[in-house]
Amino acid sequence: MRRLVVLLALLGIAGMLIPTAPRPATAQPATTLIQGLGEEPENIDPQRTNRFHSLIVLSYVVEPLFTLDKDFKVVPLLAESYSWSADKKTLRVVLKRDLTFHNGSPVTSADVKATFERYITVSPLSSYLRPRTGGIVGMDTPDPRTIVFRFAQPKPLAMISDLADAHTGILPASFIASTPSTDIGIRALVGTGPFMFKEWVPGDRIVLERFDKYRWGPAFSPNRGPAYFQRMIFRIIPEDATMTAEVEAGNVDLTFDVTPAGLQRLRANPNVVVMQAPTYSVQYLVLNMERWFFQNAKVRQAIAHSIDKEAIARAAWLGVGRPVDGLINEATIGYWPGVKQYAYKYDPERAKALLAEAGWRPGPDGILRRDGDRFEVTLITFSNIDQWRRAGVIVQSQLKQVGIDVKVETAEVGATYDRARAGAFDIGIFRNTWWLGQPYLYFLTHSVNIPSSNFSRWPNSLLDKLLETAGNAVDDAEREQALNRVQRIIVESAVWVPLVSNTSLLAAKKSVGGLEVLGSHPWWPVHLRALALRRK
Amino acid sequence: MTRYIFHRLMALIPVVLGVTLVVFSLLHLTGDPVRLLFGLNVPEELVQQRRQELGLDRPVVIQYIRWLARAARGDFGVSITTGDRVAAMIRPRIGPTLELTVLALLVTLAVSLPAGVISAIRRGTVVDSVSRLVALFWVSMPTFWLGLLFILVFGVWLGLLPISGRAELPWSWEGVRTHILPVLTLGLPPAALFTRLTRSSMLEVIGEEYVRTARSKGLDEWSVVVRHALRNALIPILTLVGLRLPWLFGGAVITETVFAWPGMGRLLVDSVLKRDYPVVQGIVMFMAILVVLSNLLVDVLYAYADPRIRYE
Amino acid sequence: MRTLAYDTSRILPQPVRSPLRIGLRRLRRYRLAVVGVVVVLAVVSAALLAPLIAPHDPTALDIEALLVPPGGSHPLGTDELGRDIFSRIVFGTRYALLIGVAVVLIEAVIGIVLGSCAAYFGGWLDVVLMRIVDVMLAVPTLVLALAIAGVLGGGMGNMILAIGVTGWREFARLMRGQVLVIRTSTYVEAARALGGRDLRILVRHILPNALGTIVVFTTLEMPTALLWAASLSFLGLGAQPPTPEWGAMVAEGRGFIGQAWWVSTFPGLAIMTTVLGFNFLGDGLRDMLDPRTARLA
């Protein structure tokens, strides 16, 4: 009897350990695409979010009026045509015919109006559209297919690209009115995109289902609708090693969350395709200008000179990513290559000299002192994103070389932002997550956004004026010049120090077709067009 | 028997209340939670409004009572980060965590009972000393390190088992493989300790009169050990199992994190890191209740097995 | 528990018990304790002599030497920022000991105070304390410590406080038991009869008698405290970078477990070895002080 039990047990154990083929795309049919998300979004509400991972998901579900092709050209999406008034203060947009939401109701101008009203009220990013800052003063809906935007000031023609922003994804007015704002993007989301929101199992997955009536894909997409895949499942996998393993095992078809660490393994795998493209994401360092020791420009420049961006790219980003010199990079609309010359080169000797000029002398422990005060600062950054945590440690080490004692305090992303807003830090390392140059620089550096998104706490009226001009001037050349000057001031002031720019990595199974369309966009996945994706 | 259960339930109530007190005060440890949410430069009206929304402007005692009343109905409030109802967030996580802990406990018992019995029988020999050494060894093993080692060896180097995630019910033969490493990680370290406990319990029982009686009746070794001694030795072991339950839930927190297991433990860690206090409160509360209930279960089984207890 | 040597020898098949065997076994028992002492001493010396033992600065980054396998100038390899793991482990002994001692101290103070007061004064104080202990028993220690550390904001100090505040119940129980016994002893009765104040009696008479047990218990609690601390650090609530704290080091290496197994493995080994050392030591101490009960646990 005993022997039988032992035998059975051994058989059972042996059976479990027999290496079988890695779990195939389990019970999922070939019509399901499984994407891996490395971070669980807080919500997928286009108007309330400004996080990268939310955008990955919601860009399948809601659509803005326009979109952009790979050359930054505006392409109509929900809109059919548009025209500006002679004084550039009125924009008239005509919607396409026969557009429907997922819930069956037709898309009308009233929905557009309701969405924009919500965007302006609720979104942290929309300050540039508010009346006070020269934004929208009114919207008219003369007929169900026409919406008229009225602006406080004459707007540049390029304003349209702001309307290609996924954050302005159109929601039905009735949905907005009947759903509590906190439920939108968590329990329910209704839009016009190729996929419908089905369910969200917290901590596990978000499930989208194909919208069969979809027919209005952008002109540059080989498939204008409906999508080839019946279902799209986003599996939430925060652990890097797991994500890599799941892609290798074939349980995840596609992911943008390949870490530098997993990259080598995936590249070596014959069943996996890895694509790279520069993204608009910039990792930057910002100084809290309410601190007395940062008031002296020499000190700030010294800090900028102490940072070896190459080292950060190699060690924090493991080679995936490159040093950048501007707060926005070349994958962003409005980038000025000329900003490079104003960046501070890595030069620790110069840094030490500048600090000495500013009155700081090394103390017995190597740390600088001035009138008895030690130069000690607190640096905050994200604990749960490896690249940021490592960058924090590297910057700490580099500043130590020139005599500044840095204490690193990391916390989860949300908690870190809270601290930044409260001004409870000296140096912070954050990230830039938007591809629209002017609105984003406005968001980050205009004094109206202190302290909600402008963590520098440095009110600079010249900068403010230039930012406004860059947004509102009607003359293209004037705008460009203003924006260039903005970029220059940002870098020269050394209040912000751009560090490294991400390379966007996409890893996908070979059996996923249509990736070329994806790869041709510099800022995928936000403008992801799922329509071309199919199983080969 | 029912009387006994009833009495035990009554005794539980002050404990549960005590736990609610501890859990509730967690939120108020560091001062104003609303400030913590918003930071310093937010207009006062917004802060006040949020405070009112959250009911934090009333005196603490009232807050506690309100919280308690809601908790009794199963309403643990709303998550700060997602706005979801806390109870709804916790519910899908309960199953995976229970799966993990129950299976781990089974592994622990499956390993330790036979090993403990053998150690007791072979008392004084090499086997016994080795078992003691092994016990100390396993007790010193950090759970998270064991998990990572398993992942390294079985997942990465040998490629035999999946390294994260959990297969949904119904489990396929393939799917169950996701359970192996986490269950072993949680179940093996306590097994060594339990082996020693089983051993001492067995030794104590073997010295009892009735065992000698059984022997003198001429029953064989196996019969004596299993049918008489073990059954009675199981009773103290049960109590010890009950005492280890909190540890098991604590260990589950770590195991779930290492293996990306979608259970309560991982939700707890995520919520703690995000400062999502209502969720943290809800989970701690829930885990405590689970422990209390399982202790009750153990007590009942104990009383069932040993009639003397019932009449205390 | 009763001693069983007499009873069981009549029932179980026993190996021939020559005096040599008995002696060997005793030596074997103490050998474990000796190993424990050696390990603990090694850890303490590493902590004291760290700058002399470690070949590199534990926080020095070396961008040219990222994730180097063990060997050569880096006996245990380097981590993802080029820091020497061996040096970090050596300096990590300081933090391990600091945290362990601090946690146990806090637990001891709280536990001793509460336990002795409960036992000495008895009555409702005792009942209340026992209820509190029951409550604490219901909540898993790690869970509560995690929650408290999180609320306080993480960091080494907060972590120590969190664990200390949740892990005192064993001390309380121990003290309570000790005090209950000693309280009824003759000299305490005499002291009270002589009109001694309660506090004085507690401190002057009772505590010193319990001291021996307290010391042993402290050693026994170190391993548990160290494991809890390592766990909290692993989860991200412990020391901030670049502190070479072992739990945090294991966590850092997690993302590279496939390419650079040494980053997580060696710090984990360090944790286990230290904890094992204290366990051996504690086990041996317990043996020596109370040989009757030793064999049964």
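Quick caveat, the model's predicted, so the values are computed rather than measured.

Draft legend 1. Here's a closer look at the overall build of chain B. Of the regular secondary structure elements, chain B holds 13 helices and 0 strands. N-terminal to C-terminal, the α/β element order of chain B is α-α-α-α-α-α-α-α-α-α-α-α-α. Looking at chain B as a whole, 43% of its 312 residues qualify as buried. Long-range pairs, those at least 24 residues apart, make up 71% of the contacts in chain B with a sequence separation of at least 6.

Draft legend 2. Broad picture of the overall build of chain A. For chain A, the helix and strand inventory stands at 16 helices and 22 strands. By the compact-globule yardstick of 24 Å for 536 residues, chain A fits well, its C-alpha radius of gyration being 25 Å. Seen through its C-alpha atoms, chain A measures out along the principal axes to roughly 85 × 75 × 40 Å. Here chain A, with 536 residues, has 52% of them falling under the buried criterion. Partitioning the contacts of chain A with sequence separation of at least 6, the portion at a separation of at least 24 is 69%.

Draft legend 3. Geometry of helix H14 (residues 461-472) of chain A. All names here are of chain A. Between its terminal C-alpha atoms H14 stretches 16 Å, which fits the 16 Å expected from 12 residues at 1.5 Å a residue. Those residues of H14 not exposed but buried are Leu463, Leu466, Leu467, Ala470, Gly471 and Asn472. Close packing links the buried residues of H14 with helix H13 (437-445) and helix H15 (476-493).

Draft legend 4. The nonpolar core, seen in detail. Among the nonpolar cores identified, the biggest contains 303 residues, and Val284 and Met287 of chain B together with Val143 and Leu146 of chain C are the most heavily contacted of them. Element by element, the count of residues in this core is highest for helix H3 (residues 85-121) of chain C, at 18 residues. Beyond its immediate sequence surroundings of up to four residues, valine 284 of chain B is in contact with Val23 of chain B together with Val139, Val143, Leu144 and Ala147 of chain C.

Draft legend 5. Seen up close, the interface of chain A and chain C. Facing 21 residues of chain A, the contacting portion of chain C comprises 18 residues. Looking at the side of chain A that touches chain C, the elements that each hand over two or more residues are helix H6 (240-249), helix H7 (260-267), helix H9 (309-315), helix H11 (386-401) and strand E18 (405-411) of chain A. For the side of chain A that touches chain C, the leading source of residues is H11 of chain A, giving 8 residues. Each residue belonging to the side of chain A that touches chain C can be placed in one class, and the counts come to 8 nonpolar, 6 polar and 7 charged.

Draft legend 6. Structural view of the environment of alanine 177 of chain A. With respect to the helices, strands and loops of the structure, alanine 177 of chain A is situated in helix H5 (residues 173-178). Residue classification places alanine 177 of chain A among the exposed residues on the basis of 8 C-beta atoms within 10 Å.

Draft legend 7. Representation of the sheet that holds strand E15 (residues 368-370) of chain A in the model. Residue and element names in this part refer to chain A. On the basis of which strands lie adjacent, the open sheet formed by 3 strands has the order E14-E15-E16 and antiparallel pairing. Only two strands of the sheet have a single partner each, and these edge strands are strand E14 (361-362) and strand E16 (373-374). When E14 meets E15, the two strands line up antiparallel, connected through 2 bridges. Bridged to proline 362 within E15 is leucine 368.

Draft legend 8. Examining the interface of chain B and chain C more closely. Each side of the interface is counted separately: chain B has 50 residues, and chain C has 50 residues. In terms of residues, the side of chain B that touches chain C owes the most to one element, helix H10 (residues 221-258) of chain B, which gives 7 residues. Residues belonging to the side of chain B that touches chain C are distributed by class as follows: 35 nonpolar, 10 polar and 5 charged.

Draft legend 9. Local environment of the sheet that holds strand E4 (residues 79-84) of chain A. All names here are of chain A. Overall, antiparallel pairing links the 4 strands, which are arranged E4-E5-E7-E6 in an open sheet. Whereas interior strands pair on both sides, the edge strands pair on one side only; in this sheet they are E4 and strand E6 (136-143). With strand direction ignored, the average angle separating the axes of adjacent strands in the sheet is 20 degrees. Note that E4 and strand E5 (residues 90-95) share 5 bridges and pair antiparallel. From the neighbouring strand, alanine 79 faces E5, where its bridge partner is leucine 95. Against the sheet, helix H3 (residues 109-122) contacts E5, E6 and strand E7 (146-151), and its axis sits at roughly 165 degrees relative to E6.

Draft legend 10. Representation of H13 of chain A in the model. Most of H13 of chain A is tucked away: 9 of the 9 residues are buried. By the burial criterion, the buried members of H13 of chain A are Gly437, Gln438, Pro439, Tyr440, Leu441, Tyr442, Phe443, Leu444 and Thr445 of chain A.

Draft legend 11. Region of the structure containing the confidence of the model for chain B. Model confidence for chain B is summarised by a mean pLDDT of 77, while 73% of its residues fall at 70 or above. Across the assembled chains, the prediction reports ipTM 0.83 with pTM 0.81.

Draft legend 12. Just the pairing of strand E1 (residues 32-37) of chain A, in detail. Residue and element names in this part refer to chain A. Buried residues dominate E1, accounting for 5 of its 6 residues. Relative to strand E10 (residues 231-236), E1 runs parallel, the two sharing 6 bridges. When the bridges of E10 are listed, leucine 33 appears paired with methionine 232. Of the pairings in the sheet, the one linking E1 to strand E11 (residues 254-255) comprises 2 bridges and is parallel in character. Counted as the bridge partner of glycine 36 is threonine 255 from E11.

Procedures and definitions
- Residues numbered from 1 in each chain as written.
- Chains lettered and ligands numbered in written order.
- Predicted model: local features only at pLDDT ≥ 70, side-chain atom pairs only at ≥ 80, totals over all residues.
- Helix = DSSP H or I, 4+ residues; strand = E, 2+ residues; numbered from the N terminus.
- Buried ≥ 20, exposed ≤ 12 C-beta atoms within 10 Å, placed from the backbone.
- Contact = placed C-beta atoms within 7 Å.
- Rg over C-alpha atoms; globule rule 2.2 N^0.38 Å.
- Expected span 1.5 Å × (residues − 1).
- Core = buried A, V, L, I, M, F, W, Y, C linked by C-beta atoms within 7 Å.
- Nonpolar A, V, L, I, M, F, W, Y, C, P; charged D, E, K, R; others polar.
- Pairing = 2+ DSSP bridges.
- Axes fitted to C-alpha atoms, helices over the stretch in contact; angles between N-to-C directions.
- pLDDT = per-residue confidence, 0-100.

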